[in-house]
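A closer look at the structure
What follows is the residue order along each chain.
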Amino acid sequence: MLLKLYEKNNNPADLQQIINLLNDGGIIIYPTDTMYAIGCHALKERAIERICQLKDIDPKKNNLSIICYDLSSISEYAKVDNNTFKLMKRNLPGAFTFILNGTTRLPKIFRNRKEVGIRMPDSSIIREIARLLDAPIMTTTLPYDDSEDIEYATDPELINEKFGNTVDLIIDGGIGGTEGSTIVDCTNGETEIVRQGKGWLDEG
């Protein structure tokens, strides 16, 4: 199912439908400030397992990421020291994934790795959903094969054609981007850019 949403002034009933679906363990595809992503309620372990199977991710070997609505909600799910907090405050919302040490608030599936990726995209659609959900959203980029036309990862109509039977809902927020987020590792008190993506880090 494809649902058109906008950066603001969305129908509250449409937003509530998404919240209900996530609370019920559903999986959705949505726009971010980088690429379209697939996600679920980050505290619903079975929904996370569904996504891991879909993307062939082993949570024991791969860090999982969550989208948080604001900086204060990040500190519930990840350990944030003063320097990291200042760094995130300068750069978020933005096209970054900050790797932090996770807290016990996250389900067991996250604690396999101890670290968690934190996203706070500069995209009002998915952040508004996270705010209304009052919980983080587990997030990962769409499964994409290099042999495929990139439009199958950027055009909501084509995404629906490909994944419509796999996920519970696809949010059409217009044509998506093709570049991933910049990954910044802050787990040991230092700041290390693991992958340069769309975001350019302001280290102050």
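These notes cover the structure that comes with them. Quantities reported herein were computed from a predicted structural model and do not represent experimental measurements. (Residues numbered from 1 in each chain as written. Predicted model: local features only at pLDDT ≥ 70, side-chain atom pairs only at ≥ 80, totals over all residues. Heavy atoms only, no water.)

Right, let's get into the nonpolar core. Counting 39 residues, the largest nonpolar core has Ile-29, Ile-66, Ile-74, Phe-98 and Phe-110 as its most contacted members. Counting residues per element, the ones that place at least two in this core are strand E3 (37–41), helix H2 (45–55), helix H3 (71–77), helix H4 (82–91), strand E6 (96–102), helix H5 (108–111), strand E7 (115–119) and helix H8 (156–163). The dominant element in this core, judged by the number of residues it contributes, is H2, at four residues. Within the second largest apolar cluster, 20 residues are counted, among which are Leu-21, Ile-126, Ile-137 and Ile-171. (Core = buried A, V, L, I, M, F, W, Y, C linked by side-chain atoms within 4.5 Å. Buried < 20%, exposed > 50% of the residue type's maximum accessible area, 1.4 Å probe, protein only. Helix = DSSP H or I, 4+ residues; strand = E, 2+ residues; numbered from the N terminus.)

Evaluated as defined, the whole model comprises one aromatic pair. Pairing Phe-96 with Phe-98 gives two aromatic rings, centres 5.9 Å apart and planes at 35°, and the pair type is tilted. Each member of the pair, Phe-96 as well as Phe-98, carries the same accessibility label: buried. (Phe/Tyr/Trp six-rings, centres within 6.5 Å; stacked < 30°, edge-to-face > 60°.)

Looking now at the pairing of E6. Looking along a regular strand, one sees the side chains alternate between the two faces of the sheet. Across the seven residues that make up E6, a large majority, six, are buried. Where E6 lies against strand E10 (residues 182–185), four bridges are found, and the strand directions are parallel. Looking at the pairing, Phe-96 lines up with Thr-182 of E10. Two strands pair when backbone bridges link them, and E6 and E7 are joined in this way by five bridges, in the antiparallel orientation. Directly across from Phe-98, in E7, lies its bridge partner Ile-118. (Pairing = 2+ DSSP bridges.)

This part takes up the environment of Ile-129. Mapped onto the elements of the fold, Ile-129 is located in helix H6 (residues 124–133). The sequence separation of Ile-129 and Tyr-30 amounts to 99 residues, and the corresponding C-alpha distance is 10 Å.

Turning our eyes to something else, we now look at H4. Of all the positions in H4, only Thr-84, Leu-87, Met-88 and Asn-91 are classed as buried. Along H4, the residues classed as buried sweep out an arc of 95° about the axis, all on the same side. Facing away from the buried surface of H4 by more than 90 degrees, the exposed residues are Asn-82 and Lys-89. Those residues of H4 that are buried lie in contact with H3 and E6. (Arc of directions from axis to C-beta. Contact = heavy atoms within 4.5 Å.)

Before going further, it helps to examine the pattern of salt bridges. Summed over the entire model, instances satisfying the criterion amount to eight salt bridges. In this structure, the salt-bridge partner of Asp-168 is Arg-50, at a minimum N-O distance of 3.4 Å. Of this pair, Asp-168 sits in the loop between H8 and strand E9 (169–172) while Arg-50 sits in helix H2, and the two are 118 residues apart along the sequence. Looking at Arg-50, the relative accessible area reads 34%, which means it is partly exposed. Between Arg-131 and Glu-128 there is a salt bridge, with its nearest N and O atoms 2.9 Å apart. One end of the pair, Arg-131, and the other, Glu-128, are both in helix H6, three residues apart, so they sit about a helical turn from each other. (Salt bridge = Lys/Arg side-chain N within 4 Å of Asp/Glu carboxyl O.)

Our next topic: the environment of Tyr-36. Turning to its location among the elements, Tyr-36 is positioned in the loop between strand E2 (28–30) and E3. For Tyr-36, the side chain forms a polar contact with the main-chain nitrogen of Gly-173, separated by 2.9 Å. From its side chain, Tyr-36 meets the backbone oxygen of Gly-174 in a polar contact 2.6 Å long. (Polar contact = N/O pair within 3.5 Å; in protein donor to acceptor, adjacent residues only side chain to side chain.)

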